[in-house]
Every structure is written in C-alpha cells, then in structure tokens.
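The residues making up each chain are set out below.
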Amino acid sequence: MTDYNSESERLEAQYKEIFMESAKVIRHEIDKFKPNFNCKTCTIPCDIKKVDIFEVFPPNCPYGAWQIKALSFLTNEYKAKLKIAKKSMMEKKNEYTCGKCGACCKLAVSEYSPIQLKQRAIRGDKFAKEFSQIYVPYESEDMAKAICPEYYDKLYDIMDPDERLYFYYCSKLGADDLCSDYENRPDICKDFPMTALKVLPDTCSYLPWHNAVEKLAMSIKSREDLIQFYKDKIG
Ligand code: SF4
Ligand code: SF4
C-alpha cells in the first residue's frame, strides 16, 4: 500500500489513476466506431501519417464520419449513462440522514469573496444566491480555524496554497448548534453534501456514503471531463 504525506496527495494519486482508466475506457468506446479503411487505397489528397481521432481530416475522408459518430455517442448516449450512474449514486445518500453536528454550518470555504458571491448571485447563480443570503464571512482565518479545527485542517490539507480562500459561517446557527430556521433552510443546506467529491467533516453522518462512492464519483467526473475534452478538440 502506498503511503501518502497528505490527503491531497492521496486524492491526487487516486484521481490520476481513475482518470487514466477512464481515458482507456472512452478510447475503447470511440474505437468501436472507427472504420476499417485502408488509407493506401485512398485517392483524396492528404498528408496524414497516422489516423487518430484528433486529426483534421480532409473533406470526404471516411474518418471524418468516425469523429462525428464518436462525438455524438459521447455527448448523448454515454453522457446519459453517466447521468443515470450519478443519480443512482446520489440516491444512495438518502439512506443516511443529517446527524446535525453543525460542522458544515460552522465552517464553509469558498474561492469567492462575499462581493464575488453577490455578483454571481445577481448573474443568476442559485448556489451563490442561497449561500450569500445566510453565510457570513469570518473576520479572520484564525477565527474559522478556532471554531472548527479538525474540519479546517482537513479542508486546508486539500487546498492549493497559492489560492486565496474565504471562510464563512451560517448566520442561522443557534447557540445549541442547531439551525434556528430549519423549516426554511435553503436547498444548499437540504442537499449538503451535493457531491461525493466534497471533503466532509469527520463528524458528518454522510461520511460512510461519501467513502463508499468516492471512487465512483471520481470516475464519473473524469469521464465527464474527458467528454468535454473530446468535444473541445473535435467538436
Ligand atoms: S483522407 Fe482519410 S482515409 Fe484518406 S488517407 Fe487521409 S486519413 Fe486516410
Ligand atoms: S456536517 Fe453532515 S451531519 Fe453535520 S450538520 Fe452538516 S450535513 Fe449534517
């Protein structure tokens, strides 16, 4: 078993491994559409030495249709398959309920400042709108750390040291660590954690679900990223 110096190292290595596997799987799917055409018999002027999906094929080249079919498959059938897998993964979360530890209310981290969040909210970002309505920034990072040291350390471990981050707490959290407006809490609270790729506090009751589906979530994410990559390159 490999020893990692930090959680971020472990996650990075795991994602890399999963990404490579996903790349192989997607390539295999794409190659199913590749025509078995012998370029030596072709009369179209062309200087392509080795046929690859990312080439710019001349008009009427049979491999041009390969690109179209492969991209259509990835962005329709394959994407739909990923969507179903994601839905089923998220439904498994419903086997658990919030343990009301309050950790996610006491500490939330964002790459966006309060002003940026408000700007995003104005532009129609639902998450930013709900978040900026209830979460307020900590006066200092030290205060954030003091309130929730374990979760802070866990979050800090996966952060990019060069990235500026902002720490927030929910203004609705009562002294008893419970939500003072539970019936009216926004969707971002009801749905937390919205993804299995999120770092959760050790006290979170969704942690067993998260740990069980983390690799699957990475696999889905890597395949979504790869589809986008193919779309950008040959779309
Ligand atoms: S045009 Fe297409 S089929 Fe013809 S030689 Fe080039 S890659 Fe091969
Ligand atoms: S961290 Fe998890 S268990 Fe704790 S309040 Fe948030 S969702 Fe509930």
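How each quantity is defined
Per chain, the residues get numbers from 1 upward, laid out in the order the sequence is written. Following the order in which they are written, the chains are lettered starting with A and the ligands numbered starting with 1. Where totals are concerned, whole chains, interfaces and linings use all residues; where local detail is concerned, this predicted model gives features only for residues with pLDDT of at least 70, and gives and counts side-chain atom pairs only at 80 or more. Side-chain figures throughout are based on the complete set of non-hydrogen atoms in the structure, without hydrogens or water. Helix and strand definitions follow DSSP, with helices as H or I runs of at least four residues and strands as E runs of at least two, each counted in order from the N terminus. Computation of the radius of gyration draws on C-alpha atoms alone. For the globule rule, the value is 2.2 Å times the number of residues to the power 0.38. Burial classes: relative accessible area under 20% of the type maximum marks a residue as buried, over 50% as exposed, and values in between as partly exposed (1.4 Å probe, protein chains only). Every helix has an expected span of 1.5 Å times one less than the residues it contains. Throughout, the bend at a residue refers to the angle made by two axes, fitted to the seven residues ending there and to the seven starting there. Summary of the distance rule: residues count as near a molecule or strand when at least one heavy atom falls within 4 Å of that molecule or strand. Under this grouping Gly is polar, as are all residues other than the nonpolar Ala, Val, Leu, Ile, Met, Phe, Trp, Tyr, Cys and Pro and the charged Asp, Glu, Lys and Arg. What qualifies as a polar contact is a pair of N or O atoms within 3.5 Å, subject to a donor-acceptor requirement within protein and to the restriction that residues adjacent in sequence count only when both atoms come from side chains. What marks off one domain from the next here is an automatic or database domain assignment. In what follows, a contact means two residues having at least one pair of non-hydrogen atoms within 4.5 Å. Note: buried area is the sum, over both parts, of the accessible area (probe 1.4 Å) each one loses when the two are combined. Fitted lines through C-alpha atoms give the axes, limited to the stretch in contact for helices. The angle between two N-to-C directions lies from 0 to 180 degrees. An angle below 35 degrees is treated as roughly parallel, one above 145 as roughly antiparallel, one from 65 to 115 as roughly perpendicular, and anything else as oblique. Note: crossing handedness is left-handed where the near helix turns anticlockwise from the far helix by less than a right angle, and right-handed where it turns clockwise.

## Quick word on the overall build of the chain
Helices and strands together make up the secondary structure of the chain, namely nine helices and three strands. In the chain, the order of α-helices and β-strands from amino to carboxyl end is α-α-α-β-α-α-β-α-α-β-α-α. The C-alpha radius of gyration of the chain comes to 23 Å, more than 25% above the 18 Å expected for a compact globule of 235 residues. In terms of principal-axis extent, the alpha carbons of the chain reach across some 80 × 45 × 35 Å. Classification of the 235 residues of the chain by burial places 33% in the buried group.

## Examining helix H9 (residues 207-234)
Its 28 residues give H9 an end-to-end C-alpha distance of 39 Å, which sits within 8% of 40 Å, the value for a rise of 1.5 Å per residue. Of all bends in H9, the biggest is about 50 degrees, found at Val-213.

## Considering the site of ligand 1
Around ligand 1, the surrounding shell consists of Phe-37, Cys-39, Cys-42, Cys-46, Val-51, Phe-57, Pro-58, Cys-61, Pro-62 and Tyr-63. Broken down by class, the residue content of the shell around ligand 1 amounts to 10 nonpolar, no polar and no charged.

## What about helix H5 (residues 126-134)?
Looking at H5, one finds that the buried residues are Ala-128, Glu-130, Phe-131, Ser-132 and Ile-134. Of the residues that open H5, the one with a side-chain oxygen 3.0 Å from the backbone nitrogen of Phe-127 is Asp-125.

## Focus: the domain arrangement of the chain
The assigned domain composition of the chain is domain 1 (7-95 + 214-234) and domain 2 (103-203). Domain 1 and domain 2 are separated by 35 Å when their C-alpha centres are compared. Opposite the nine residues of domain 1 that make contact, domain 2 presents nine residues. When domain 1 packs against domain 2, the two sides together hide about 680 Å² of surface, and 66% of this comes from carbon and sulfur. The interface formed by domain 1 and domain 2 includes two residue pairs in polar contact (both at pLDDT 80 or more). Sorting the residues of the side of domain 1 that touches domain 2 by element identifies helix H1 (7-31) and H9 as the ones contributing at least two each.

## Re the site of ligand 2
Cys-98, Gly-99, Lys-100, Cys-101, Gly-102, Cys-104, Phe-192, Pro-201, Cys-204, Ser-205 and Tyr-206 make up every residue found near ligand 2. A per-class count over the shell around ligand 2 returns seven nonpolar, three polar and one charged.

## Points about the environment of Ile-68
In this structure, Ile-68 sits in helix H2 (residues 62-92). On the basis of relative accessibility, which here comes to 61%, the residue Ile-68 falls in the exposed class. Through-space distance from the C-alpha of Ile-68 to that of Ile-53 is 10.0 Å; in sequence the pair is 15 residues apart.

## Notes on unusual backbone geometry
Between Phe-192 and Pro-193 the backbone carries a cis peptide bond, its omega angle lying at -10 degrees. As for its position among the elements, Pro-193 is in the loop between helix H8 (187-190) and H9. Even without being a glycine, Asn-60 presents a positive backbone phi close to 70 degrees. Note on placement: Asn-60 falls in the loop between H1 and H2. On the basis of relative accessibility, which here comes to 73%, the residue Asn-60 falls in the exposed class. For Lys-100, which is not glycine, the phi torsion reads 55 degrees and is therefore positive. Note that Lys-100 resides in the loop between H2 and helix H3 (103-106).

## A word on the packing of H1 against H9
Relative placement of two packed helices is described by the angle separating their axes and the distance separating the axes. H9 packs onto H1 with a crossing angle of 55 degrees between their chain directions and a minimal axis gap of 8 Å. The angle between H1 and H9 places the two elements in the oblique class. Of the two elements, H1 crosses H9, and the hand of that crossing is right-handed. Between H1, through Arg-10, Leu-11, Gln-14, Tyr-15, Ile-18, Phe-19, Ser-22, Ala-23, Val-25, Ile-26, Arg-27 and Ile-30, and H9, the contact on the second element is made entirely by Glu-214, Lys-215, Met-218, Ser-219, Lys-221, Ser-222, Arg-223, Asp-225, Leu-226, Ile-227 and Tyr-230. Grouping the constituent residues of the contact of H1 with H9 by class yields 12 nonpolar, four polar and seven charged.

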